[in-house]
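One letter stands for each residue in the lines below.
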Amino acid sequence: MHPIPTHNLGFPRIGADRELKRALEAYWRGDLSREALEDTGRTLRRRHWQQQADAGLSWIPTGDFAWYDQVLTLSATLGNVPLRHRAEALAENNEPAARSECGCSEPIDTPEAPEGPCRQVDLDTLFRMARGRAPSGTASSACEMTKWFDTNYHYLVPEFHPDQTFELSYRQIIDETREAVALGHRVKPVILGPLSYLWLGKEKADFDRLSLLDALLPAYQQLLDALAEAGAEWVQIDEPILVLDLPLAWQQAFEPSYHRLQSRAVKVLLATYFGALGENLSTAVQLPVAGLHIDAVRAPEQLLSVVDRLPVHKVLSVGAIDGRNIWRTDLQTARETLADVAERLGDRLWLAPSCSLLHVPVDLGREQTLDPELKSWLAFALQKVDEVVALAQLLAPAPAPSALAALKASDQSVRSRRESQRVHNPAVQERLRAISPTDSQRHSPFAKRIAQQQALLQLPEFPTTTIGSFPQTDDIRQARRAYKQGQMSEVAYRNRMRQAIADAIVRQEQLGLDVLVHGEAERNDMVEYFGEQLDGYAFTRFGWVQSYGSRCVKPPIIYGDVARPHAMTTQWARYAQSLSRKPVKGMLTGPITMLFWSFVRNDQPRSVTARQIALALRDEVNDLEACGIQIIQIDEPALREGLPLKRKEWGEYLDWAVEAFRLSASGVSDETQIHTHMCYSEFNDIIDAIAALDADVITIETSRSQGELLDAFEQFAYPNDIGPGVYDIHSPNVPPVEAMVNLMEQAARRLPKERLWVNPDCGLKTRGWAETEAALANMVRAARRLRERSRESA
Ligand code: GLN
Ligand code: ZN
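**Topic: the overall build of the protein**
Inference 1: When helices and strands are tallied, the protein shows 27 helices and 20 strands.
Inference 2: Relative to the compact-globule value of 28 Å for 794 residues, the protein shows a C-alpha radius of gyration of 27 Å, a close match.
Inference 3: Residues classed as buried in the protein amount to 61% of the 794 residues present.
Inference 4: Sequence-distant contacts in the protein: of pairs separated by 6 or more residues, those separated by 24 or more amount to 80%.
Inference 5: Distance between charge centroids for the protein: 3 Å, based on 88 positive and 106 negative side chains.

**What to know about the pattern of salt bridges**
A pair can form between side chains of opposite charge whenever their charged atoms are brought close.
Inference 1: By the definition in use, this model includes 50 salt bridges.
Inference 2: Residue D694 is joined to R449 by a salt bridge in which the shortest nitrogen-to-oxygen separation is 3.0 Å. One end of the pair, D694, is in the loop between α24 (687–692) and β19 (697–700); the other, R449, is in helix α16 (residues 446–457), with 245 residues separating them in the sequence.
Inference 3: Judged by its relative accessible area of 18%, D694 is buried.

**Focus on the pairing of strand β7 (residues 234–238)**
Inference 1: Among the five residues that make up β7, five are buried, leaving the element largely enclosed by the rest of the structure.
Inference 2: Alternating residues of β7 divide into W234, Q236 and D238 and V235 and I237, and every residue in both groups is buried.
Inference 3: With three bridges connecting them, strand β5 (residues 187–192) and β7 associate as parallel partners. If you follow I191 over to β7, its bridge partner there is I237.
Inference 4: When β7 meets strand β8 (residues 267–271), the two strands line up parallel, connected through five bridges. Residue pairing in the sheet places Q236 in a bridge with L269 of β8.

**Topic: the pairing of strand β18 (residues 673–678)**
Inference 1: Burial of β18 is extensive: six of the six residues sit out of reach of the surface.
Inference 2: Residue alternation in β18 divides its side chains into two sets, Q673, H675 and H677 and I674, T676 and M678, and both sets are buried.
Inference 3: Here strand β17 (residues 631–635) runs beside β18; their pairing, made up of five bridges, is parallel. By the bridge assignment, I634 is partnered in β18 with T676.
Inference 4: You can see the chain leave β17, run along helix α23 (residues 650–665) and come back into β18, and the turn it takes is right-handed.
Inference 5: Where β18 meets β19, four bridges bridge the pair, whose relative direction is parallel. Residue T676 lies in a different strand from β19, and its bridge partner there is I698.

**A short note on the sheet that holds strand β9 (residues 291–295)**
Inference 1: Here seven strands make up an open sheet; going across it, the order is β1-β5-β7-β8-β9-β10-β11 and the pairing parallel. The sheet is open, and its two edges are formed by β1 (60–62) and β11 (349–353), each paired on a single side. Pairwise comparison of adjacent strand axes, ignoring direction, gives a mean angle of 30 degrees for this sheet.
Inference 2: Its contacts with the sheet put helix α7 (residues 213–229) on β5 and β7, and the angle it makes with β5 is roughly 165 degrees.

**Some words on the sheet that holds β18**
Inference 1: The sheet built from five strands is open, its strands ordered β16-β17-β18-β19-β20 with parallel pairing. Of all the strands in the sheet, the pair left with one neighbour each is β16 (585–589) and β20 (721–724). Within this sheet the neighbouring strands show an average axis-to-axis angle of 20 degrees, counted without direction.

**Considering the site of ligand 1**
Inference 1: Looking at ligand 1, the residues that line it are I467, G468, S469, E520, M526, D635, H677, C679, C762 and G763.
Inference 2: Residue H677 places a side-chain N or O atom 3.1 Å away from an oxygen atom belonging to ligand 1.
Inference 3: With the chains in place, 91% of the 300 Å² that ligand 1 exposes on its own is no longer accessible.
Inference 4: When its residues are assigned to classes, the shell around ligand 1 shows four nonpolar, four polar and two charged.

**Section: unusual backbone geometry**
Inference 1: In this structure, R18 takes a positive phi of about 55 degrees despite not being glycine.
Inference 2: Turning to its location among the elements, R18 is positioned in the segment before α1 (19–29).
Inference 3: The phi dihedral of F149 is positive, around 50 degrees, even though this residue is not glycine.
Inference 4: For F149, the location among the structural elements is in the loop between β2 (145–147) and β3 (154–156).
Inference 5: Here F149 falls in the buried class, since its relative accessible area comes to 12%.

**Some thoughts on the nonpolar core**
Inference 1: Residues W148, L292 and L316 are the most contacted members of the largest nonpolar core, which totals 119 residues.
Inference 2: Take this core: its biggest share by element is ten residues, from α7.
Inference 3: Residues contacting W148, with those up to four places away along its chain left out, are Q70, V71, Y153, H154, Y155, L192, L200, P240, Y273, F274 and H359.
Inference 4: If you look at the next biggest cluster of nonpolar residues, it comprises 103 residues, including V621, I722, V741 and L756.

**Topic: the coordination of the zinc ion (ligand 2)**
Inference 1: Taken together, the protein ligands of the zinc ion (ligand 2) are H677 (NE2), C679 (SG) and C762 (SG), with distances of 2.1 to 2.5 Å.
Inference 2: Sequence positions of the residues that donate to the zinc ion (ligand 2) give the spacing H-x1-C-x82-C. Here H677, found in strand β18, pairs with C762, found in the loop between α26 (737–750) and α27 (769–793); they are 85 residues apart in sequence, far enough to count as distant.
Inference 3: Here H677 falls in the buried class, since its relative accessible area comes to 3%.
Inference 4: Its relative accessible area of 12% is what places C762 among the buried residues.

**Quick look at the packing of helix α2 (residues 34–55) against helix α13 (residues 381–394)**
Inference 1: It is at 9 Å that the axes of α2 and α13 come closest, and there the two elements cross at 30 degrees. In this view, α2 runs roughly parallel relative to α13, as classed from their interaxial angle. Crossing of α2 against α13: the hand is right-handed. For the pair α2 and α13, contact is made by Q51, Q52 and A55 and by L382, V385, D386 and V389, respectively.
Inference 2: Looking at the contact of α2 with α13 residue by residue, the class counts come to four nonpolar, two polar and one charged.

So, how was this worked out
- Residues numbered from 1 in each chain as written.
- Chains lettered and ligands numbered in written order.
- Predicted model: local features only at pLDDT ≥ 70, side-chain atom pairs only at ≥ 80, totals over all residues.
- Heavy atoms only, no water.
- Helix = DSSP H or I, 4+ residues; strand = E, 2+ residues; numbered from the N terminus.
- Rg over C-alpha atoms; globule rule 2.2 N^0.38 Å.
- Buried < 20%, exposed > 50% of the residue type's maximum accessible area, 1.4 Å probe, protein only.
- Contact = heavy atoms within 4.5 Å.
- Lys, Arg positive; Asp, Glu negative; His and termini not counted.
- Charge placed at Lys NZ, Arg CZ, Asp CG, Glu CD.
- Salt bridge = Lys/Arg side-chain N within 4 Å of Asp/Glu carboxyl O.
- Pairing = 2+ DSSP bridges.
- Right-handed = clockwise from strand over helix to strand, strands pointing away.
- Axes fitted to C-alpha atoms, helices over the stretch in contact; angles between N-to-C directions.
- Near = heavy atom within 4 Å.
- Polar contact = N/O pair within 3.5 Å; in protein donor to acceptor, adjacent residues only side chain to side chain.
- Areas by Shrake-Rupley, 256 points an atom, 1.4 Å probe, with all protein chains shown as cover.
- Nonpolar A, V, L, I, M, F, W, Y, C, P; charged D, E, K, R; others polar.
- Core = buried A, V, L, I, M, F, W, Y, C linked by side-chain atoms within 4.5 Å.
- Donors = N, O, S within 2.8 Å, 3.2 Å for Na, K, Ca; no water.
- Parallel < 35°, antiparallel > 145°, perpendicular 65-115°, else oblique.
- Left-handed = near helix turned anticlockwise from the far one by under 90°.

Right under this line is the structure:
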């Protein structure tokens with residue numbers, strides 16, 4: 001029997017020390033030369049290829065390195081560069097597009113249709129597309145950015161125009177393939193397939209982007225030819241949209257497209273991941289390609305049906321190692337599951353991680369301070385590559401000693417995790433069992449609650465508030481850092497934070513806002529702040545994962561039953577409230593967001609973990625109420641991104657997500673007002689779930705698609721209070737009073753004006769004080785004008 005071939009779908013490009021981030025940012029600032037930046041990239045690629053080759057992979061990926069994003073690289077490769085970003089067509093006097101820290105992108109300006117493919121692409125073209133600017137040259141608005149499937153990675157959305165043409169225009173993937181081959185590696189370039197590429201983009205005029213397929217395929221053929229010439233025997237073409245519910249026309253477009261891409265000098269491995277092929281299974285197995293990769297971690301149930309239906313000449317690459325999470329593989333179980341498959345497929349079986357390792361940190365070995373037991377349960381990218389190789393050997397008749405040692409270590413880890421008291425907390429489990437349906441219900445319906453809240457709060461019509469955070473000045477960040485590193489005493493730190501809170505309260509009083517916030521100075525990150533105080537959460541030192549461009553996040557790891565050993569926010573909330581007679585909102589991150597912005601347990605359903613977090617937050621909500629806080633906001637910016645990729649699974653998800661939110665919010669009396677906040681505006685398809693949250697007030701982002709959003713709320717007859725964000729916090733511009741008044745008047749035409757609040761569309765932590773105060777002063781003016789007009793018309 002042959003050794004089972006192994007490969008990888010992609011390696012994290014950012015570097016174990018985030019070298020790429022640092023180099024990129026220095027280059028953008030003008031502190032690093034282009035040569036030095038290119039050098040950093042080369043060093044990283046070289047290192048990552050060598051590490052994967054040393055681990056023993058049969059095929060090393062190329063094309064997974066990107067200066068900003070792999071979809072962006074592909075756009076450039078295909079000559080799909082918006083006119084406004086082309087070197088030859090850079091307009092003067094365009095406003096630079098700011099990219100906020102929260103990852104939202106600016107709306108793009110009205111683009112013109114390009115005349116033909118762009119022929120002069122270089123690094124700076126990529127940066128203009130991604131950031132609206134490059135170190136030299138004028139500014140233009142950046143391409144839109146959005147989440148890559150259900151991950152927290154963001155890609156640059158391709159823009160499409162009718163009559164667009166494509167042509168091989170940028171050779172990075174080809175050059176890098178050559179580079180790897182020259183170093184002696186056996187490579188397998190990775191590119192996103194034509195249908196997924198079109199699907200993930202956006203039409204910039206009224207037409208159907210699928211109609212561009214004919215124009216697009218020749219450019220793919222050019223690319224495949226060039227990759228063959230560079231030395232590739234196999235090319236991995238990713239078509240992750242095959243795990244989505246596709247419209248018929250898209251599904252049917254696969255077969256003719258891949259027929260056209262055939263007969264090239266390379267063999268194609270068609271890769272799917274993030275779910276089961278489902279309805280697209282026959283399409284996928286029948287395509288005229290040499291191999292198929294499936295995700296057997298997210299969708300283990302599809303393995304046997306794919307094996308049954310795969311034509312006998314095709315290779316099946318089984319994604320058996322979880323590329324989306326940080327847990328070590330249970331090698332014994334994987335070996336048992338795959339033994340039959342290996343027997344049946346013989347040398348047609350390949351092994352790999354389930355998807356690109358882009359979504360996990362680079363090297364667990366660097367975590368010197370992590371608890372050793374917890375560490376023994378984990379695997380990052382490098383360790384996952386080792387697991388792939390070990391698993392392949394374990395499926396061979398006489399596994400190497402190193403593979404047997406890996407198996408033994410894996411067994412030990414499985415046992416320790418299953419039995420560890422760090423993971424299993426009987427008190428939490430008992431509490432979960434005792435949950436009753438009334439626990440997720442407020443005492444009275446909204447109409448009754450709001451009357452009681454009004455009587456207590458005495459807020460004016462069109463009450464004004466903000467979303468929680470205020471500018472995080474350098475001084476605040478420095479204090480937090482110094483305290484964390486032990487250079488500032490607890491007392492000094494507390495005083496510094498109190499000072500920031502007092503300052504925020506004074507400013508809000510002066511501005512005349514109605515419902516105040518403490519400003520969140522003590523929070524570095526809305527999940528980390530709470531995770532650090534909860535049992536069951538762990539934090540790594542170097543566990544960075546690319547979120548977009550040079551930005552990385554370090555998601556916490558939820559490894560055990562979640563419990564709250566002590567109150568988390570009450571000292572700050574109580575202090576803030578003591579400074580004002582106006583209500584100060586308590587501010588929490590909701591259970592769904594706490595879940596989705598972390599690496600989650602794979603040994604119990606996410607719904608159970610969500611419920612545990614919800615109970616911990618419920619205690620916090622109740623404690624805030626007990627110390628006199630009358631309004632508590634539970635942020636859920638991640639609710640929508642948790643939606644499963646397949647529509648038929650939405651209902652189940654929304655049920656448990658809504659229940660978790662309600663569980664956290666329903667321990668308080670009717671007079672306590674619960675707010676929630678979400679920073680997106682696509683509500684049409686989940687509006688019933690939003691209403692089912694039964695928050696007394698919801699504040700949302702609207703400044704970019706006001707009309708559509710309000711339509712959804714109007715059509716649904718949304719019953720509770722709502723604050724449609726009246727200005728976009730991602731822009732430093734000060735919004736004019738009239739614009740905000742208009743916006744609110746439009747809202748008041750669709751929704752009862754008694755239900756409306758006036759607020760910005762998100763938190764203000766990325767802004768400076770000057771613009772923040774100017775914007776809020778106008779916002780308060782707008783609210784006053786609205787009240788006057790409302791009185792006049794009464
Ligand atoms: N309360 C948080 C803040 O104001 C909300 C952040 C968010 O919506 N992402 O910063
Ligand atoms: Zn927000």
